[in-house]
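Structure at a glance
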Amino acid sequence: MNTSIVLPTTELIVSIDDKSMVNKIKQALKLMKGVCSVKVKKESMEQKILNSKSYKAAMDDIEHGRIYEAESVEDMFKQILG
């Protein structure tokens, strides 16, 4: 009969801007009393896209009406070149 009690653990989420510091902070956390595990959550591809500068620039263009429509490549060049 197993009589050991497993207590729930508390999860602490830490956001780190400087990716070069992740391993050092991870090592430091492991040395602290009471820390049972340290895991690094990898950013999903969707999050990488949503956080990219090009995506944010595209959303800004849409928000400010800087979008154009063309029926074909030829039509696009006519609009651009006049």
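Higher on the page you've got the structure.
This write-up is about the structure you can find in this document. (Residues numbered from 1 in each chain as written. Predicted model: local features only at pLDDT ≥ 70, side-chain atom pairs only at ≥ 80, totals over all residues. Heavy atoms only, no water.)

1. Structural notes on the layout of surface pockets
As a reminder of what qualifies: A 1.4 Å probe that fits into a set of points on a 1 Å grid over the protein atoms alone but cannot get out defines a cavity; an open set with protein on both sides within 12 Å along at least five of seven lines defines a pocket, and lining residues are those with an atom within 4 Å of a point. Grid points are joined across faces, edges and corners, and a volume is the space filled by probe spheres set on the points. Helix and strand definitions follow DSSP, with helices as H or I runs of at least four residues and strands as E runs of at least two, each counted in order from the N terminus. Polarity classes work like this: nonpolar for Ala, Val, Leu, Ile, Met, Phe, Trp, Tyr, Cys and Pro, charged for Asp, Glu, Lys and Arg, and polar for all others, with Gly in that last group.
Considering only enclosed or pocket space, the largest pocket measures out at about 1,200 Å³ in volume. In terms of lining residues, the largest pocket is bounded by 27 residues, among which Leu 12, Val 14, Lys 39, Val 40 and Lys 41 are the most central. The element that contributes the greatest number of residues to the lining of the largest pocket is helix H1 (residues 22-31), accounting for four residues. Across the lining of the largest pocket, the residue classes tally to eleven nonpolar, eight polar and eight charged.

2. Description of the pattern of salt bridges
Short version of the rule: Take a side-chain nitrogen of Lys or Arg and a carboxyl oxygen of Asp or Glu: if they are within 4 Å of each other, that pair is a salt bridge. Note on exposure labels: buried denotes an accessible area under 20% of the residue type's maximum, exposed denotes more than 50%, and partly exposed covers the range between, all computed with a 1.4 Å probe on protein chains only.
This model, assessed by the stated rule, comprises two salt bridges. Notably, a salt bridge pairs Arg 66 with Asp 60, separated by 2.5 Å at the nearest N-O pair. The class of Asp 60 is partly exposed, set by a relative accessible area of 31%. In this structure, the salt-bridge partner of Asp 61 is Arg 66, at a minimum N-O distance of 2.9 Å. Judged by its relative accessible area of 28%, Asp 61 is partly exposed. On the accessibility criterion, Arg 66 (40% relative accessible area) is partly exposed. One continuous salt-bridge network, built from bridges that share partners, spans Asp 60, Asp 61 and Arg 66.

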